Every structure is written in structure tokens, then in C-alpha cells.
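Below are the chains, spelled out letter by letter.
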Amino acid sequence: MATTDRQATTLALAHALSAAERGLAVIPLSRSKLPALRSPHRDDPAPSPCHGACGRLGHGVYDASSDPDRIRELFAAAPWSTGYGIACGLPPHHLIGLDLDVKTGTDSSAALRELALRHLFTIPPTVVVVTPSGGRHLWLSGPPEVVVPNSAGRLAPGIDIRGAGGYLVGPGSRTAQGAYAAAPGTAHLAPAPCPRSLLRLLLPPPRAHHPVPTAAGGHGQGLVQFVLAAHEGQRNTRLFWAACRAYEDGIGPALVTPLVDAALHTGLSEREARTTIASAARLTGHRP
């Protein structure tokens, strides 16, 4: 490893440990801004959802910790790390990240100001991280009983939301695009509480009830709810796993429509959902 890379790793670890002192859970990131440790399940023919229960490293944001020894262990396993990610949605701050992008050609800051005027809220003084492209990450804290999902452009063009299951690139990280840094005068601040009217905008609309055929029973309803709870990045995996279990338990045909409906509500297209379910049927020896 080049000296500059070793220095970047050392600095990233130092910044990550400093963030942990503030109660923030962190993971090492590579220069691509992705988790530095690859999934231990990447070669499994049909990986089942695992959030670290297997005891191995490489589960992305689910590896995140504020324990210094654990953080050192993570970085030791990924000596190529040049940055760190801060997990959102976890106590004590229940962090919510507003990612104001400038690469899309839209004025995301103006879009946020317009939303604030229309819905009567003000962004309080809080941590602001400047990205290499000139964008900004605004850190807010949410109430512990509310789960804010990740979204891209749903709030407004150019504004992505990092919530439960997501992470923000921490200040002091170096990536292929450049360095992330706290905006002057904000590094010492704690994440400010998210305004209530903004919080309402960040939550998805209530999901419709999805009746499950009586023949599928409670287990079928549980599989549907498992798909409905998927965050972005988990949707196909959860749907595939649920469909496999349904076919293995003999309720696959009865559960196709409820599973497709659930997948649509997570953001998958009907074609994607039906293709995934058909793959699960073939894998388990059934005709789609």
C-alpha cells in the first residue's frame, strides 16, 4: 500500500473514532464510498437476508459500531479503507441525513428552501458536511419511535434522504472524488432535531392492507410483511427469499399476487417483482 493510502487509512480511523466518541456508529469505507468489507455471503447461490447474525464481518451498515475496539477491528480487516460511513437511524441521535446534490443540474438548496416556505419549517443550526462535488449533507436527529426510510429524489429533485439502513460519508473521509469536510462553524454542533413538518414529509404514505388468501395462513402474511419492510437495496433480496420460503412451504401460487403487491409498495416494478418470484419458483423446483 502506498504511503499516502496508509496515511488516509490512519486518518479515516482517527476520524471514525472521534465520531464514535459522539455516539455515532461507523463502518470503514473504500474510495468508492462503498463499505470496505465485502459480504461474506457474496458467493452463496441464494443468499438469505443476514444482518450480521452469522458473526462474520462484511454486512455493510449492519456492522456499524461506536465501540472503539470493534471499530479498530473493522479497520484492521479493511486496511485499504480511506473513509468511514456513519449509520443513520441508530440511537442516541437517530440520525437523518439530507443529501443536497449538485450533480443533477437542479438547485437542491432552492428546492429545500421552497419546501420550508410551503410547509412552514426552518432547518435549525446543525452539522453540515461539504462533499467533493460541492453538495451538502445536513445532519438531523429524529425521534426514536419513528423509522425514516431512505429515498432518492422523493422529497424534491436533487435531495436524497439517508435514514434507517443507510449511512452518510463522514467528514475527514477521502474518496476517489475528493475529501469530505465539515462546513466551518458546524463541526462542534450536535445533530439538530428534525422539524416535525419536515419529518412528516420524509415518511412514506400509509401502506394499504394486503389481504392474504386464507390458504396461506399467518405464515403467508408474515412473508408479505417481510417484503413490505424492505429498505432500498434490500427489496429484491427480501422478495426472493420470501418467495422461496412460500414455494418451499406449498403456498407459493397463492402468495404470488400479495407478494407482487407488497413489492410494488417498496418501489419495485411489477416486471421486476414477477421476474424475481419466477426465479424463486424455478430454484425451488416449481413452475412459475
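Residues numbered from 1 in each chain as written. Predicted model: local features only at pLDDT ≥ 70, side-chain atom pairs only at ≥ 80, totals over all residues. Heavy atoms only, no water.

Participant: Tell me what's going on with the overall build of the chain, and back it up with residues and numbers.
Facilitator: What the chain contains, in helices and strands, is eight helices and 12 strands. Along the three orthogonal principal directions, the C-alpha set of the chain runs to about 60 × 50 × 35 Å. In the chain, which comprises 288 residues, the proportion classed as buried is 47%. A separation threshold of at least 6 residues defines the contact pool for the chain, and within that pool the share at least 24 residues apart is 71%. Carbon and sulfur atoms make up 56% of the accessible area of the chain, which totals about 14200 Å². (Helix = DSSP H or I, 4+ residues; strand = E, 2+ residues; numbered from the N terminus. Buried < 20%, exposed > 50% of the residue type's maximum accessible area, 1.4 Å probe, protein only. Contact = heavy atoms within 4.5 Å. Areas by Shrake-Rupley, 256 points an atom, 1.4 Å probe, with all protein chains shown as cover.)

Participant: Give me the lowdown on the sheet that holds strand β8 (residues 167-169), citing residues and values where you can.
Facilitator: Strand order across the open sheet formed by three strands is β1-β2-β8, with antiparallel pairing between neighbours. Edge strands, defined here as strands with exactly one partner in the open sheet, are β1 (26-29) and β8. Along the sheet, successive strands turn relative to each other by an average axial angle of 35°, direction set aside. Strand contacts of helix α2 (residues 68-77): β1 and β2 (83-87), with the helix running at about 15° to β1, the strand carrying the most contacts. (Pairing = 2+ DSSP bridges. Axes fitted to C-alpha atoms, helices over the stretch in contact; angles between N-to-C directions.)

Participant: Any chance you could break down the pattern of salt bridges for me, citing the residues and the numbers?
Facilitator: Throughout the structure, instances matching the rule amount to seven salt bridges. Between E114 and R118 there is a salt bridge whose closest N-O contact spans 2.7 Å. Taken together, the positions of E114 and R118, both in helix α3 (residues 108-119) and four residues apart, correspond to about one turn of that helix. Taking the relative accessible area as the measure of exposure, R118 reaches 52% and is therefore exposed. Where E270 meets R274, a salt bridge forms, and the shortest distance between an N and an O atom there is 2.9 Å. (Salt bridge = Lys/Arg side-chain N within 4 Å of Asp/Glu carboxyl O.)

Participant: Let's hear about α2: which residues, and what values?
Facilitator: All of the buried residues in α2 are I71, L74 and F75. One side of α2 carries all its buried residues, which in axial view fall inside an arc of 95°. Facing away from the buried surface of α2 by more than 90 degrees, the exposed residues are D69 and A76. (Arc of directions from axis to C-beta.)

Participant: Go over the packing of helix α7 (residues 252-266) against helix α8 (residues 270-283) with me, naming the residues and quoting the values.
Facilitator: Direction vectors running N to C along α7 and α8 enclose 135°, while the axes themselves pass 9 Å from each other. What the angle tells us is that α7 and α8 run oblique. Helix-helix and strand crossings are classified by hand; for α7 and α8 the assignment is right-handed. Here V256, L259, V260, A263 and L264 of α7 come into contact with α8, specifically with E270, A273, R274 and I277. By residue class, the composition of the contact of α7 with α8 is seven nonpolar, no polar and two charged. (Parallel < 35°, antiparallel > 145°, perpendicular 65-115°, else oblique. Left-handed = near helix turned anticlockwise from the far one by under 90°. Nonpolar A, V, L, I, M, F, W, Y, C, P; charged D, E, K, R; others polar.)

Participant: Mind laying out the packing of aromatic side chains, listing which residues take part and the relevant values?
Facilitator: One pass over the structure, following the stated rule, counts one aromatic pair. Their ring planes at 50° and their centres at 4.8 Å tell us that F226 and W241 sit as a pair that is tilted. Taken together, the residues span a long stretch of sequence, with F226 in helix α5 (residues 217-228) and W241 in helix α6 (residues 235-248) at a distance of 15 residues. (Phe/Tyr/Trp six-rings, centres within 6.5 Å; stacked < 30°, edge-to-face > 60°.)

Participant: I'd like a rundown of the state of the cysteines, residues and numbers included.
Facilitator: Simply put, disulfide is the name for a covalent bond between the sulfur atoms of two cysteines. As enumerated under the stated definition, the model contains zero disulfides in all. Summary of cysteine pairing: C88 is not part of a disulfide, and the nearest cysteine sulfur, belonging to C194, is at 12 Å. With relative accessibility at 3%, the residue C88 sits in the buried group. (Disulfide = S-S within 2.5 Å.)

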